[in-house]
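# Observations on the three-dimensional arrangement
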Amino acid sequence: QSPALRQAASAALGALGPYAASQMGEISDLLYAEPPELRLIGCETLGRLGAYDTPEGTYAESVLEMLWDEKPLVSRAAALALPHFPTAASCTKGLARALK
């Protein structure tokens, strides 16, 4: 899958906003998928939908876990996605752990 196609798919889902947000559970399933490109799509797409996360930060926590992914592109995508979540401030301990 080409990076341009991946970005277009992620952007399209993100542009759907509240309509795609109802599918955040299914999108978060991509965070645990193979090949790693699917995890990358999951991080990027959830970041675009971060404003629609649950008040508990359910999906922010899932993306936070991807900081430790074995693929640097996935962990980088997770780091870029986290600031888009309103609950990202609650992830600061996990982010600090990732820096160690």
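Residues numbered from 1 in each chain as written. Predicted model: local features only at pLDDT ≥ 70, side-chain atom pairs only at ≥ 80, totals over all residues. Heavy atoms only, no water.

## Section: the overall build of the protein chain
Per the secondary structure count, the protein chain includes seven helices and zero strands. Burial analysis of the protein chain (100 residues in total) assigns 44% to the buried set. For the protein chain, the proportion of contacts with a sequence separation of at least 24, taken over those separated by at least 6, is 65%. (Helix = DSSP H or I, 4+ residues; strand = E, 2+ residues; numbered from the N terminus. Buried < 20%, exposed > 50% of the residue type's maximum accessible area, 1.4 Å probe, protein only. Contact = heavy atoms within 4.5 Å.)

## Some points on the side chain of Arg-39
Inspection of the secondary structure assignment puts Arg-39 in helix α4 (residues 36-48). For Arg-39, the side chain forms a polar contact with the main-chain oxygen of Ala-33, separated by 3.0 Å. In this view, Arg-39 contacts Leu-30, Leu-31, Tyr-32, Ala-33, Glu-34, Met-66, Asp-69, Glu-70, Lys-71 and Val-74; residues no more than four positions away in its chain are not counted. (Polar contact = N/O pair within 3.5 Å; in protein donor to acceptor, adjacent residues only side chain to side chain.)

## So, unusual backbone geometry
With an omega of 0 degrees, the peptide bond between Glu-34 and Pro-35 qualifies as cis. Mapped onto the elements, Pro-35 comes out in the loop between α3 (24-29) and α4.

## Observations regarding the nonpolar core
In this structure, Met-24, Cys-43, Leu-46, Val-63, Leu-82 and Phe-85 are the most contacted members of the largest nonpolar core, which totals 22 residues. When residues of this core are traced back to their parent elements, those giving at least two are α2 (18-21), α3, α4, α5 (58-65) and α6 (72-81). (Core = buried A, V, L, I, M, F, W, Y, C linked by side-chain atoms within 4.5 Å.)

## Points about the packing of α4 against α6
Closest axis-to-axis distance for the α4/α6 pair is 8 Å, and the angle between their directions is 5 degrees. By the angle between their directions, the pair α4 and α6 is classed as roughly parallel. Contacts between α4 and α6 pair Pro-36, Arg-39, Leu-40, Cys-43, Glu-44 and Gly-47 from the former with Leu-73, Val-74, Ala-77, Ala-78 and Ala-81 from the latter. Its residues assigned to classes, the contact of α4 with α6 shows eight nonpolar, one polar and two charged. (Axes fitted to C-alpha atoms, helices over the stretch in contact; angles between N-to-C directions. Parallel < 35°, antiparallel > 145°, perpendicular 65-115°, else oblique. Nonpolar A, V, L, I, M, F, W, Y, C, P; charged D, E, K, R; others polar.)

## Looking at the packing of helix α1 (residues 3-15) against α4
Closest axis-to-axis distance for the α1/α4 pair is 9 Å, and the angle between their directions is 30 degrees. The hand of the α1/α4 crossing is right-handed. Contacts between α1 and α4 involve Arg-6, Gln-7, Ser-10, Ala-11, Leu-13 and Gly-14 from the first element and Glu-37, Leu-40, Ile-41, Glu-44, Thr-45 and Arg-48 from the second. A class-by-class count of the residues in the contact of α1 with α4 yields four nonpolar, four polar and four charged. (Left-handed = near helix turned anticlockwise from the far one by under 90°.)

## Regarding the pattern of salt bridges
Within the structure shown, the criterion is met by three salt bridges. Put simply, Arg-39 and Glu-34 hold a salt bridge, and the shortest N to O gap is 2.9 Å. Exposure remark for Arg-39: the relative accessible area of 3% places this residue in the buried category. For Glu-34, a relative accessible area of 56% gives the class exposed. A salt bridge links Glu-70 to Arg-39, with the shortest nitrogen-to-oxygen separation between them at 3.1 Å. Taken together, the residues span a long stretch of sequence, with Glu-70 in the loop between α5 and α6 and Arg-39 in helix α4 at a distance of 31 residues. By relative accessible area, Glu-70 is classed as exposed at 58%. (Salt bridge = Lys/Arg side-chain N within 4 Å of Asp/Glu carboxyl O.)

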